[in-house]
Amino acid sequence: MKKHNFYAGPSIMSQYTIDETAKAIKEFADMGLSILEISHRSKQFQAVMDETVDLFKSLLDIPEGYSVLFLGGGASLQFAMVPMNMLIHKAAYLDTGVWASKAIKEAKLFGDVDVVASSKDRNYNYIPRDYTVPTDVDYFHYTSNNTIYGTEIRKDPDVKVPMIADMSSDIFSRPVDVSKYELIYGGAQKNLAPAGVTFVIVKDDTLGKADRVIPTMLNYETHVKKGSMFNTPPVLPIFSALQTLKYYKQLGGVEAIEKMDVEKADVLYNAIDGSKMFVATVPNHEDRSIMNVCFVMKPEYKDLEKDFIDFATERGMMGIKGHRDVGGFRASLYNALPMESVKALVEAMKEFESKH
Ligand SMILES: *Cc1c(COP(=O)(O)O)cnc(C)c1O
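Note that the structure is a prediction, hence the values are computed from the model and not measured.

Rules of the game
- Residues numbered from 1 in each chain as written.
- Predicted model: local features only at pLDDT ≥ 70, side-chain atom pairs only at ≥ 80, totals over all residues.
- Heavy atoms only, no water.
- Phe/Tyr/Trp six-rings, centres within 6.5 Å; stacked < 30°, edge-to-face > 60°.
- Buried < 20%, exposed > 50% of the residue type's maximum accessible area, 1.4 Å probe, protein only.
- Helix = DSSP H or I, 4+ residues; strand = E, 2+ residues; numbered from the N terminus.
- Lys NZ or Arg CZ within 6 Å of the ring centre and 35° of its normal.
- Near = heavy atom within 4 Å.
- Polar contact = N/O pair within 3.5 Å; in protein donor to acceptor, adjacent residues only side chain to side chain.
- Areas by Shrake-Rupley, 256 points an atom, 1.4 Å probe, with all protein chains shown as cover.
- Nonpolar A, V, L, I, M, F, W, Y, C, P; charged D, E, K, R; others polar.

Asker: Got a minute to help me understand the packing of aromatic side chains in this structure?
Answerer: In this description, an aromatic ring pair is defined by two values, namely the gap between the centres and the angle between the planes. Scanning the model with the defined rule gives 21 aromatic pairs in all. Relative to Tyr 248, the ring of Tyr 247 has its centre 6.1 Å away and its plane inclined at 45°; by these criteria the two rings are tilted. The class for Tyr 247 is partly exposed, based on a relative accessible area of 23%. The class of Tyr 248 is buried, set by a relative accessible area of 3%. For the pair Phe 308 and Phe 329, a centre-to-centre distance of 5.2 Å together with 80° between the ring planes defines the contact as edge-to-face. Here Phe 308 is found in helix α8 (residues 305-314), whereas its partner Phe 329 is found in strand β14 (residues 329-332), with 21 residues between them in sequence. Its relative accessible area of 0% is what places Phe 308 among the buried residues. Three or more aromatic residues joined by ring pairs make a cluster, and in this case those are Phe 56, Phe 70, Phe 172, Phe 199, Tyr 247 and Tyr 248. The positively charged end of Arg 122 is found above the aromatic ring belonging to Tyr 126, 4.2 Å away from the centroid. Above the plane of the ring of Phe 311 lies Arg 315, whose end atom (NZ or CZ) is 3.6 Å from the centre.

Structural data, given as structure tokens:
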């Protein structure tokens, strides 16, 4: 039985991505070799890199003057690379969860950090709204989707300074006005590729302004100049990313994907809101993530949480246990997850509820 994959990351990939990657592992580009054993400097792999960058730019409608990089180190290394390269005096950060706090911690190593607002007081179950971003900061950093808590900022904020965003877990789930950003980054293992590659979209003319020594590998300029080929890039994850991008194009691009994602999330949130047993952890509908749906059992059913996980697991549902900081359940509905899986989860919830 093919399972229903609700893992938060690494997470479900399109069958197309998996099939094409499997084929390339056997034989790549009629070379008589596997993609695992060829030079990243071969013209065949250079063609993969070029096509990946081009398709990435066209799907997100990235304006002229931006570079798309594929690096190692995960989103977590970007928490440090961003301020190392971009923080000159002071930066503003929005604290919406563990990932945002980790980014704040690294930024403090490089300059003044103004945390403009935090939702920590309620275990990050909402998006702060009443805050102002000072105009004397180098940039405003936020996390667009808070994977652990299931909150999301789905509209590019309006602030008077350039923005930087961690879009690890909702990239390609909506159109983005990239012109408002100096830089966007994310680990690829949620909506794009297997673990091992990090995407960075960076505005070229903002680089080179920080007056500090930056190690070569941690300097964005190195990677912009060399087209992500300064050293050996994560060859296989980049190949897989290209397959996912081709699949996204086939689906009709980010507008079409957003429509599907919203429909999937609506089906699940409606089932939760209409249930006597389950309750969503994010009360404000506007703040709810369409990528990670977090919910728990109401106090009177709390002891049944473990039973429900077992019940759902028996029905082929994988990865619905909530993050330890939130508890309960988390269903990740990334782009590659079919509606059929959402419906199967809703059915399991209803069946379980009717039994108790
Ligand atoms: C998963 C995740 C991260 C961590 O990514 P790594 O690639 O493991 O460093 C950071 N931010 C967000 C929003 C995430 O979902």
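On we go from here.
Asker: I tried to follow the site of the ligand on my own but got confused; where do I start?
Answerer: What surrounds the ligand is a group of 14 residues, the closest being Ser 76, Thr 147, Asp 166, Gln 189 and Lys 190. Between the ligand and the protein, one listed contact pairs an oxygen atom with a side-chain N or O atom of Ser 76 at 2.6 Å. Residue Asp 166 places a side-chain N or O atom 2.6 Å away from a nitrogen atom belonging to the ligand. Here the ligand loses 87% of its free accessible area of 390 Å² to cover by the protein chains. Top contributing element to the shell around the ligand by residue count: helix α3 (residues 74-86), with 4 residues. A per-class count over the shell around the ligand returns 3 nonpolar, 9 polar and 2 charged.

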